Amino acid sequence: MKTSLLSLALLSLASAPALAQSANPADAGELHNRYLACLLDHGGPPPEKALAVLVDGCGYPIQTSREEFIRTFQPTLEVDYTQPLTRLMAGEREAYGETAFVFFERIDDVLATSADFDEVDTRLAVLQKEAMQVLPEKSEARELMLQSLTLGRGSVAFWRKVEGRLGAGQTTRRGWFGRLMAVVGADLKSYVSSFSIGAAAGASAVSGVNQIGEASGWW
């Protein structure tokens, strides 16, 4: 990516009014799930179309032109999110500082070692509480971390419901948790990369289709 992840995240503070100007980080999970559901209702568009559908079909608010929005955030949908968050953000370690970067390391551990969605949500909630306690108030690192973790928990809630429907509609659900955790990981990592609800919803929709397929009613 030509634009650094940190630059993209800070740029989106001004270009994604759906959340960036909100004083309530809890908005992240609700807004994310709303736009994710809309993208899936539109058939889970491929990466090259997802942001256009987000704006045209889902009414995602932007403060720039449609073309500029897509050009800015399209790289977010093309990142390999199977790699750890710490690797994605390695170039920004100094900018965020060691205290904040430890949270990226712990998020990687949650995604890699949790056994079920309950454990994921519980561990992300613990990280939220700790971030509120140790990261400086009104800092960009704190805002990003709190909203990222809230969005991650929203993603967990969304895809846990999907897992339940997959399990109910098929003879086996072997491997579903691992596949859906990859989607949650793409979701959370893409938001950290972009600080954009829309970009994260797009990445989640694309990853969900890739992991599960386009079976009727799977969302």
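Provided above is the structure to which this section pertains.
Remember, predicted model here, so these are calculated numbers, not experimental data.

Rules used throughout
Counting restarts for each chain, with residues numbered from 1 along the sequence as it is written. This being a predicted model, a pLDDT of at least 70 is required before a residue's local features are given, and a value of 80 or more before pairs of side-chain atoms are given or counted; all residues contribute to the totals for chains, interfaces and linings. Note that water and hydrogens are dropped before the side-chain values are worked out from all heavy atoms of the structure. A pair of aromatic rings is counted whenever rings of Phe, Tyr or Trp (Trp by its six-membered ring) have centres within 6.5 Å, and the orientation is called stacked for planes under 30 degrees apart, edge-to-face for over 60 and tilted otherwise. Helical segments are the DSSP runs of H or I of at least four residues, strand segments are the runs of E of at least two, and each set is numbered from the N terminus. Using a 1.4 Å probe on the protein chains alone, a residue whose accessible area is under 20% of its type maximum counts as buried, one over 50% counts as exposed, and one in between counts as partly exposed. Both cavities and pockets are sets of points on a 1 Å grid over the protein atoms alone; in a cavity a 1.4 Å probe fits but cannot get out, in a pocket the set is open with protein on both sides within 12 Å along at least five of seven lines, and lining residues sit with an atom within 4 Å of a point. Grid points are joined across faces, edges and corners, and a volume is the space filled by probe spheres set on the points. Basically, the charged four are Asp, Glu, Lys and Arg, the nonpolar ten are Ala, Val, Leu, Ile, Met, Phe, Trp, Tyr, Cys and Pro, and anything else, Gly included, counts as polar. Think of a salt bridge as a Lys or Arg side-chain nitrogen and an Asp or Glu carboxyl oxygen that are within 4 Å of each other.

Novice: Before we move on, could you go through the packing of aromatic side chains and cite the residues and values that matter?
Specialist: Here the distance between the centres and the angle between the planes together describe a pair of aromatic rings. For the structure on display, the rule yields 8 aromatic pairs. Both rings, one in Phe-117 and one in Phe-177, keep their centres 5.0 Å apart while their planes meet at 80°; by these two values the pair is edge-to-face. Of this pair, Phe-117 sits in helix H8 (residues 117–134) while Phe-177 sits in helix H10 (residues 176–194), and the two are 60 residues apart along the sequence. Given the relative accessible area of 18%, Phe-177 is considered buried. Feature note: the residues Tyr-35, Tyr-60, Phe-69 and Phe-73 constitute an aromatic cluster, connected by ring pairs.

Novice: Could you give me a rundown of the layout of surface pockets, with the residues and numbers involved?
Specialist: Space inside the largest pocket adds up to approximately 350 Å³. Those elements that provide at least two residues to the lining of the largest pocket are helix H7 (98–113), H10 and helix H11 (197–212). A per-class count over the lining of the largest pocket returns 11 nonpolar, 5 polar and 3 charged.

Novice: Lay out the pattern of salt bridges with the relevant residues and their values.
Specialist: Where charged atoms of side chains with opposite charge meet at close range, the side chains can pair. For the structure on display, the rule yields 10 salt bridges. Here Asp-56 makes a salt bridge to Arg-66, at a shortest N to O gap of 2.8 Å. Taken together, the positions of Asp-56 in helix H3 (residues 47–56) and Arg-66 in helix H4 (residues 66–73) put the pair 10 residues apart, joining distant regions of the chain. Among the residues examined, Asp-56 registers a relative accessible area of 52% and is labelled exposed. Since its relative accessible area comes to 31%, Arg-66 is described here as partly exposed. One salt bridge in this structure joins Arg-106 and Glu-130, with 2.5 Å as the shortest N-O distance. In this pair, Arg-106 sits in helix H7 while Glu-130 sits in helix H8, placing the two residues 24 residues apart along the sequence. Taking relative accessible area as the criterion, Arg-106 reaches 32% and is therefore assigned partly exposed. You can call Glu-130 partly exposed: its relative accessible area is 25%.

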